[in-house]
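# Observations on chain architecture
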Amino acid sequence: MAAGQGPSCYLGFDFSTQQIKVIAIDDNLNVIHESAVKFDTDLPHYKTQGGVHIHTDNVTITAPPVMWVEALDLLLDRMKASGFDFSKVVALSGAGQQHGSVYWNGCARETLNNLQPGTSLHTQLKDSFTRESPIWMDASTTRQCRTMEDSVGGAMKLAEITGSKGYERFTGNQIMKVRQNEPDIYTNTERISLVSSFAACLFLGDFAPIDYSDGSGMNLLDIRSRGWSEKCLQACGNNLEEKLGHACPSSQKLGGVSSYFVERYSFCTDCQVVAFTGDNPASLAGMAPCEGDIVVSLGTSDSVFLWLTEPTPGLDGHIFVNPVNSSQYMGLTCFKNGSLTRENVKDEYAGGSWDTFAKHLADTPLGNSGNIGIYFDVTEIQPVACGRFRFSASDKELSSFPASTEVRAVIESQMMSRRVHSENLGMKFGKGTRVLATGGASINTSILQVMADVFNAPVFVTDVPNSAALGSCYRAKHGLFEGNIPFSDIVKNHPEPVCVARPVEAAEKIYDALCDRYRALENQIADGTHH
Ligand SMILES: Nc1ncnc2c1ncn2[C@@H]1O[C@H](COP(=O)(O)OP(=O)(O)O)[C@@H](O)[C@H]1O
Ligand SMILES: O=C(CO)[C@@H](O)[C@H](O)COP(=O)(O)O
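Residues numbered from 1 in each chain as written. Chains lettered and ligands numbered in written order. Predicted model: local features only at pLDDT ≥ 70, side-chain atom pairs only at ≥ 80, totals over all residues. Heavy atoms only, no water.

Turning our attention to the overall build of the protein. In terms of helices and strands, the protein carries 21 helices and 22 strands. Computed over C-alpha atoms, the radius of gyration of the protein comes to 22 Å, within 12% of the 24 Å expected from 2.2 N^0.38 for 531 residues, which places it in the range of a compact globule. Dimensions along the principal axes, computed over C-alpha positions, put the protein at roughly 70 × 50 × 45 Å. The buried share of the protein, reckoned over its 531 residues, is 63%. Residue pairs in contact within the protein that sit at least 24 positions apart in sequence constitute 73% of those at least 6 positions apart. Carbon together with sulfur atoms contributes 49% to the accessible area of the protein, which is approximately 18,900 Å² in total. Across the protein, the centroid of the 43 positively charged side chains sits 2 Å from that of the 60 negatively charged ones. (Helix = DSSP H or I, 4+ residues; strand = E, 2+ residues; numbered from the N terminus. Rg over C-alpha atoms; globule rule 2.2 N^0.38 Å. Buried < 20%, exposed > 50% of the residue type's maximum accessible area, 1.4 Å probe, protein only. Contact = heavy atoms within 4.5 Å. Areas by Shrake-Rupley, 256 points an atom, 1.4 Å probe, with all protein chains shown as cover. Lys, Arg positive; Asp, Glu negative; His and termini not counted. Charge placed at Lys NZ, Arg CZ, Asp CG, Glu CD.)

Written as structure tokens, this is what we have:
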């Protein structure tokens, strides 16, 4: 089928931790469709919790790739049933939760190349994987991280090459663990994708390349030469370059959509698939930030990121190749205890209601009368620590707080940690900094008010919190021009963000002092000297 009559549109997918989301925009960037499939509730037979399988050691965390395929089947079927006209889509792109890896077996490519439109994708691809996918929450590869760092001359050297020191969730370290513990599976794996490039494979009907930006989250890509680092590859496993394929610019057009989608969903034959990237890089594109803006994503993970013209790697945080301009960069810092930890505290201390949660925030003073509570329900990334820690105004460790104090404590300490670690990465907050909030929790203005107070900066939102899916639409459109026009031209109709929270007068003094205490307490938790 050729392109449909009437105005064209673009599709952007987000294969994130708890769900797959899709947005469609028209040529003027108006959102014309938005829907999602949630793994836990829409596909309960995979028995996931928050989209993942937590293993008995509590640090190994995986997800079944066939679940992501079935979620895509369901999402597209629902769109079709709702009357969505796929023939208008001229280009599509997407995003995936970062760092997760998909292991394709030797028959997978043949299956992808010959997808039959009469049968669902998950039925055809169910036997195409050699194992479950380790995902970004996995913290089981500390030993492999040290090996990776040693192989290039230390943590700082690894950061200089790949943009980050060794991190447990980074894909190279995960691949090294598979090669060491499951050598047969490693050998039988023909191709290793990231979640993002795996999703692109489904639309392309072939193996798709890993893009530079998401590839920067692997401890394998040289962020300056944009090629795989020979030393890092060697530390991981033999023939790894063959299994990864070449990395590509993030705005690369990969080819036309597979005939499967033309025949089953009436996509037009010339609908283009543009390289998929990581969800945070896609969010950067979807927020269309101006110079100096800092984006805070409150999704399953919390992450703080910004556009950088030059790479400034260090021992804190990450530098990725920029997703919309491959000669520039982005800086990012990520926290594992984000929305799910906030939800736990809401369920335990606010009767499961976000309204009661907001009331507790309103009823408690800025600075929480000096009480600090630190909630690492799962092993945090920075610091690598687990547990709940409560301190009085005189730093005496307590076992509990009143309910409203617990609620304010979780939000204040999360925001202090985001501020402290972002400052370590060189980010600067102040009344003149626009903080752009996105992700599921960014609809909660009571949380955003605490963010504004702790950061001492105004917080802005746009009316589409799914910035990774929206950014994927923008990137699809940009990819059609193969990077020949600046991304800023593509997003010139992007809606202006609206300010929803400003820091109150007293906030700066209160949180400057509290952040100093938070930093010291976090260090004590990290080295086990808190009491
Ligand atoms: N009103 C709300 N207040 C705070 N958090 C919320 C609210 N509504 C949804 N959330 C949080 O949003 C999270 C999902 O965010 P989202 O960005 O969609 O995640 P992901 O992209 O990682 O799947 C949920 O885990 C939930 O806790
Ligand atoms: O590990 C990181 C970033 O380094 C996470 O941000 C993942 O990319 C998961 O994203 P969400 O599903 O929380 O959006």
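Back to the text.
Around ligand 2, the structure places 13 residues, and the nearest of them are Thr17, His99, Arg169, Asp279 and Ser301. In this structure, glutamine 98 approaches ligand 2 through a main-chain N or O atom, which is 2.9 Å from an oxygen atom. Between an oxygen atom of ligand 2 and a side-chain N or O atom of arginine 169, the distance comes to 2.8 Å. Coverage of ligand 2 by the protein chains reaches 95% of its 370 Å² of free accessible surface. For the shell around ligand 2, the elements supplying multiple residues, two or more each, are α14 (279–287) and β16 (329–335). Tallied by class, residues from the shell around ligand 2 come to three nonpolar, eight polar and two charged. Here the shell around ligand 2 spans two domains, and each of domain 1 (9–281) and domain 2 (288–463 + 497–531) adds at least three residues to it. (Near = heavy atom within 4 Å. Polar contact = N/O pair within 3.5 Å; in protein donor to acceptor, adjacent residues only side chain to side chain. Nonpolar A, V, L, I, M, F, W, Y, C, P; charged D, E, K, R; others polar. Domains from an automatic or database assignment.)

Within the open sheet, the three strands sit side by side as β4-β5-β8. Their pairing is antiparallel. Either end of the sheet is taken by a strand with one partner, and the two such strands are β4 (53–54) and β8 (133–134). Alignment of β4 against strand β5 (residues 61–63), held across two bridges, turns out to be antiparallel. The partner of histidine 53 across the bridge, within β5, is threonine 62. (Pairing = 2+ DSSP bridges.)

So, about the site of ligand 1. In the vicinity of ligand 1 there are 16 residues, among which Ser16, Lys21, Thr300, Glu343 and Gly440 approach most closely. Between glycine 440 and ligand 1, the recorded distance is 2.9 Å, taken from a backbone N or O atom to an oxygen atom. In this structure, asparagine 444 approaches ligand 1 through a side-chain N or O atom, which is 3.0 Å from a nitrogen atom. When ligand 1 is considered free in solution it has 590 Å² of accessible area, and contact with the protein chains removes 83% of it. Of all the elements in the fold, those that place two or more residues in the shell around ligand 1 are β2 (19–26) and α15 (339–349). Here the residues of the shell around ligand 1 sort into four nonpolar, 10 polar and two charged. Two domains share the shell around ligand 1, each providing at least three of its residues, namely domain 1 (9–281) and domain 2 (288–463 + 497–531).

Let's shift gears to the side chain of asparagine 173. Note that asparagine 173 resides in helix α7 (residues 171–181). Polar side-chain contacts of asparagine 173 include one of 3.0 Å to the side chain of asparagine 219. Ignoring sequence-local partners within four residues, the contact set of asparagine 173 consists of Thr141, Gln144, Cys145, Met148, Gly166, Tyr167, Glu168, Met218 and Asn219.

Domain parsing of the protein yields domain 1 (9–281) and domain 2 (288–463 + 497–531). Taking the mean C-alpha position of each, domain 1 and domain 2 sit 28 Å from one another. Listed per partner, the contact involves 30 residues of domain 1 and 27 residues of domain 2. Buried surface at the junction of domain 1 and domain 2, summed over both partners, amounts to about 2,400 Å²; 59% is from carbon and sulfur atoms. The interface formed by domain 1 and domain 2 contains 12 residue pairs in polar contact (both at pLDDT 80 or more). Of all the secondary structure elements, the ones that give two or more residues to the side of domain 1 that touches domain 2 are α6 (155–162), α10 (212–215) and α14. Residues of the side of domain 1 that touches domain 2, tallied by class, amount to 13 nonpolar, 12 polar and five charged. (Buried area = accessible area lost by both parts, 1.4 Å probe.)

For the structure shown, the criterion picks out 25 salt bridges. Here lysine 477 ties to aspartate 27 by a salt bridge, and the two come within 3.2 Å at their closest N and O atoms. Within this pair, whereas lysine 477 is found in helix α19 (residues 467–480), its partner aspartate 27 is found in the loop between β2 and β3 (31–38), the two being separated by 450 residues in sequence. Under the relative-accessibility criterion, lysine 477 is labelled buried at 12%. Where glutamate 406 meets arginine 390, a salt bridge forms, and the shortest distance between an N and an O atom there is 3.0 Å. Here glutamate 406 is found in helix α17 (residues 403–424), whereas its partner arginine 390 is found in strand β18 (residues 387–391), with 16 residues between them in sequence. In this pair, the class of glutamate 406 matches that of arginine 390, namely buried. Connected through salt bridges with shared partners, the residues Arg419, Glu423, Asp512, Asp516 and Arg519 form a single ionic network. (Salt bridge = Lys/Arg side-chain N within 4 Å of Asp/Glu carboxyl O.)

Attention now moves to the packing of aromatic side chains. Here a ring pair, both rings aromatic, is described through the centre-centre distance and the interplanar angle of the planes. Throughout the structure, instances matching the rule amount to 18 aromatic pairs. Through a chain of ring-to-ring contacts, three or more aromatic side chains come together here, namely Phe13, Phe84, Phe86, Phe203, Tyr260, Phe261, Tyr265, Phe267 and Phe276. For arginine 131, the ring lying beneath its charged end belongs to tyrosine 103, and the centroid distance is 5.6 Å. Across the ring face of phenylalanine 460, the terminal group of arginine 434 is positioned such that the distance to the ring centre comes to 5.4 Å. (Phe/Tyr/Trp six-rings, centres within 6.5 Å; stacked < 30°, edge-to-face > 60°. Lys NZ or Arg CZ within 6 Å of the ring centre and 35° of its normal.)

Going from glutamine 382 to proline 383, the amide bond is cis rather than trans, its omega being 0°. By secondary structure assignment, the location of proline 383 is in the loop between β17 (372–376) and β18. A positive phi angle is found at histidine 99, which is not glycine, with a value near 80°. Within the secondary structure layout, histidine 99 lies in the loop between β6 (89–96) and β7 (101–105). Look at arginine 226: it is not a glycine, yet its phi comes out positive at around 60°. Tracing the sequence through the fold places arginine 226 in the loop between α10 and α11 (230–236).

So, on to the sheet that holds β17. Read from one edge to the other, the open sheet built from three strands follows the order β17-β18-β19, with strand pairing classed as antiparallel. Either end of the sheet is taken by a strand with one partner, and the two such strands are β17 and β19 (397–398). Pairing analysis gives two bridges linking β18 to β19, with the strands arranged antiparallel. For arginine 390, the partnering residue across the bridge sits in β19 and is leucine 398. The strands touched by α15 are β17 and β18; relative to β18, the strand with the most contacts, the crossing angle is about 65°. (Axes fitted to C-alpha atoms, helices over the stretch in contact; angles between N-to-C directions.)

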